[in-house]
Amino acid sequence: MTTMATPTQSTQDTVPVYNPKSESTGAKRAKSVVFHAAALVLTAIVLYPGLWMIASSFKPNSEIGGQNTSLWSNNFSFDNFVTAMDGIGGVSTLQFFTNSLILALGAVVGTILSASVSAYAFARINFPGRSIFFGMMIATLLLPFHVVIIPQYIVFQQLGLVDTYVPLLIGKFLAADAFFVFLMVQFMRGLPTELDEAARIDGAGHARIFFSIMLPLMKPALISTSIFSFIWSWNDFLGPLLYLNTPDKYPLPLALRLFVDQTQSSDYGAMIAMSVLALLPVLIFFLIFQRYIVEGVSTQGLKG
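Residues numbered from 1 in each chain as written. Predicted model: local features only at pLDDT ≥ 70, side-chain atom pairs only at ≥ 80, totals over all residues. Heavy atoms only, no water.

**Side note on the overall build of the protein chain**
Turning to step 1, where the next piece is worked out: From N to C terminus, the protein chain includes 14 helices and zero strands.
Turning to step 2, where the next piece is worked out: Listing the helices and strands of the protein chain from first to last along the sequence gives α-α-α-α-α-α-α-α-α-α-α-α-α-α.
Turning to step 3, where the next piece is worked out: Going through the 304 residues of the protein chain one by one, you find that 36% of them count as buried.
Turning to step 4, where the next piece is worked out: Counting only contacts in the protein chain whose residues sit at least 6 apart along the sequence, the fraction spanning at least 24 positions is 73%.
Turning to step 5, where the next piece is worked out: Of the roughly 19200 Å² that the protein chain leaves accessible, carbon and sulfur atoms contribute 66%. (Helix = DSSP H or I, 4+ residues; strand = E, 2+ residues; numbered from the N terminus. Buried < 20%, exposed > 50% of the residue type's maximum accessible area, 1.4 Å probe, protein only. Contact = heavy atoms within 4.5 Å. Areas by Shrake-Rupley, 256 points an atom, 1.4 Å probe, with all protein chains shown as cover.)

Quick look at the structure:
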């Protein structure tokens, strides 16, 4: 009687399995180096204009523009900043800063008050034609500002408000910025309606609900609105150019234009130095409140 021998090797073929960890450390390091190098190059390209402006603020006028393309200068000086702080046209730089601050803070206060109240009406109050009015408000985002320049100017001229800050600020207090209203409406719609119902059961009206419940919960949206409103108003050039005629009422964007004279020599160094100084309030304002931007624009709110 014979006994069959049992095979000691499997007849199945071995299929190789790819292991991600088998990739060499050198290849991973090379990819990381290429990625970070590309990121640094793009960052340098984006930041170069700002770096050039800061470097040029310490250069004499003879080295700004022309054939001189070097970033740094051997004639390092603070003369441009001294000239910029002295002002121009008989108006001090401090006056220009004060004017810009009045317009920017006025725009922030007006936008916060009017946009939040309008957003509450659209998001929480059911009234006839709400959808139609909301759609008309959104449609104004498609209307270019340049289309209404002439009619607005005629209206303010007939009212005797030209060369005042009223034309620049009245729209902020009348919820004319549809973008901010839309931003707050979307944020309020993310808040649970049970909060309103509970407050209404306790006898609270719309004013109490708005000030005691909505506003505290809308902090991210309010801060985001403040940041964008401040920056847009601080950098506005066309509006003050249209409505302001007196130099002592000019904000910083118009004051910068005074340093450029087409008939005489232009002080580009002082203009660039004042531009650097004008960026500081915006930069500080942004750095303080930047963490609220994404949270406010995302409009997630609370989930009930």
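There is more to say after this.
**Side note on the pattern of salt bridges**
Turning to step 1, where the next piece is worked out: Summed over the entire model, instances satisfying the criterion amount to three salt bridges.
Turning to step 2, where the next piece is worked out: Note that K249 and D163 form a salt bridge whose closest N and O atoms lie 3.8 Å from each other. One end of the pair, K249, is in the loop between helix 11 (238-243) and helix 12 (252-258); the other, D163, is in the loop between helix 5 (149-158) and helix 6 (166-169), and 86 residues separate them in sequence.
Turning to step 3, where the next piece is worked out: The exposure class of D163 is buried, given its relative accessible area of 16%.
Turning to step 4, where the next piece is worked out: Note that K172 is salt-bridged to D177, the shortest N-O span being 3.4 Å.
Turning to step 5, where the next piece is worked out: For D177, a relative accessible area of 24% translates into the label partly exposed. (Salt bridge = Lys/Arg side-chain N within 4 Å of Asp/Glu carboxyl O.)

**Let's talk about helix 10 (residues 219-234)**
Turning to step 1, where the next piece is worked out: Look at helix 10: 22 Å from first C-alpha to last across 16 residues, which is about the 22 Å you get at 1.5 Å a residue.
Turning to step 2, where the next piece is worked out: Across the 16 residues that make up helix 10, a large majority, 13, are buried. (Expected span 1.5 Å × (residues − 1).)

**Comments concerning a nonpolar patch on the surface**
Turning to step 1, where the next piece is worked out: On the surface, V109, L113, V166, I170, F173 and L174 cluster together into a nonpolar patch covering about 530 Å² of accessible area.
Turning to step 2, where the next piece is worked out: Among the structural elements, L113 can be located in helix 3 (residues 93-124). (Patch = residues over 30% accessible without salt bridge, like charges linked within 9 Å, V, L, I, M, F, W, Y side chains within 5 Å.)

**Observations concerning the side chain of S229**
Turning to step 1, where the next piece is worked out: You can see S229 is positioned in helix 10.
Turning to step 2, where the next piece is worked out: Residues in contact with S229, not counting those within four places in the same chain, are A107, V108, T111 and F180.

**Observations regarding the confidence of the model for the protein chain**
Turning to step 1, where the next piece is worked out: For the protein chain, the average pLDDT comes to 82, and 84% of its residues sit at 70 or higher.
Turning to step 2, where the next piece is worked out: Note on residues 8-12: pLDDT is under 50 here. Beyond four places in sequence and across chains, it has zero contacts. (pLDDT = per-residue confidence, 0-100.)

**Quick word on the packing of aromatic side chains**
Turning to step 1, where the next piece is worked out: In this structure the tally under the stated criterion is 16 aromatic pairs.
Turning to step 2, where the next piece is worked out: A ring pair is formed by F230 and W234, whose centres lie 5.6 Å apart and whose planes are at 20°; its orientation type is stacked. Of this pair, F230 and W234 both sit in helix 10, four residues apart, roughly one helical turn. With respect to burial, F230 and W234 carry one shared label: buried.
Turning to step 3, where the next piece is worked out: Taken together, the ring pairs connect F122, F127, F134 and F182 into an aromatic cluster.
Turning to step 4, where the next piece is worked out: Positioned above the aromatic ring of F134 is the side chain of R189, whose terminal nitrogen or guanidinium carbon lies 5.1 Å from the ring centre. (Phe/Tyr/Trp six-rings, centres within 6.5 Å; stacked < 30°, edge-to-face > 60°. Lys NZ or Arg CZ within 6 Å of the ring centre and 35° of its normal.)

**Digging into the nonpolar core**
Turning to step 1, where the next piece is worked out: Residues M188, M214 and W234 are the most contacted members of the largest nonpolar core, which totals 64 residues.
Turning to step 2, where the next piece is worked out: Per-element tally for this core: the top contributor is helix 3, with eleven residues.
Turning to step 3, where the next piece is worked out: Discounting residues that sit within four places of it in the chain, M188 has contacts with S116, A119, Y120, A123, R124, F210, M214 and M218. (Core = buried A, V, L, I, M, F, W, Y, C linked by side-chain atoms within 4.5 Å.)

**Topic: the side chain of S116**
Turning to step 1, where the next piece is worked out: Turning to its location among the elements, S116 is positioned in helix 3.
Turning to step 2, where the next piece is worked out: The class of S116 is buried, set by a relative accessible area of 3%.
Turning to step 3, where the next piece is worked out: Reaching out from S116, the side chain makes a polar contact with the backbone oxygen of I112 at a distance of 2.5 Å. (Polar contact = N/O pair within 3.5 Å; in protein donor to acceptor, adjacent residues only side chain to side chain.)

**A few points about the environment of A107**
Turning to step 1, where the next piece is worked out: Considering the arrangement of structural elements, one finds A107 in helix 3.
Turning to step 2, where the next piece is worked out: With 125 residues separating them along the chain, A107 and W232 place their C-alpha atoms 9.1 Å apart.
Turning to step 3, where the next piece is worked out: When neighbours within four sequence positions are excluded, A107 is seen to be in contact with L169, K172, S229 and S233.

**Let's talk about the packing of helix 4 (residues 130-139) against helix 7 (residues 178-189)**
Turning to step 1, where the next piece is worked out: Across the interface, helix 4 lies against helix 7 with an axial gap of 9 Å and an inter-helix angle of 135°. Classed by the angle they form, the pair helix 4 and helix 7 counts as oblique. Judged by the sense of rotation from one axis to the other, the crossing of helix 4 with helix 7 is left-handed. Listed contacts from helix 7 to F134, M137 and I138 of helix 4 are A178, V181, F182, V185 and R189.
Turning to step 2, where the next piece is worked out: A class-by-class count of the residues in the contact of helix 4 with helix 7 yields seven nonpolar, no polar and one charged. (Axes fitted to C-alpha atoms, helices over the stretch in contact; angles between N-to-C directions. Parallel < 35°, antiparallel > 145°, perpendicular 65-115°, else oblique. Left-handed = near helix turned anticlockwise from the far one by under 90°. Nonpolar A, V, L, I, M, F, W, Y, C, P; charged D, E, K, R; others polar.)

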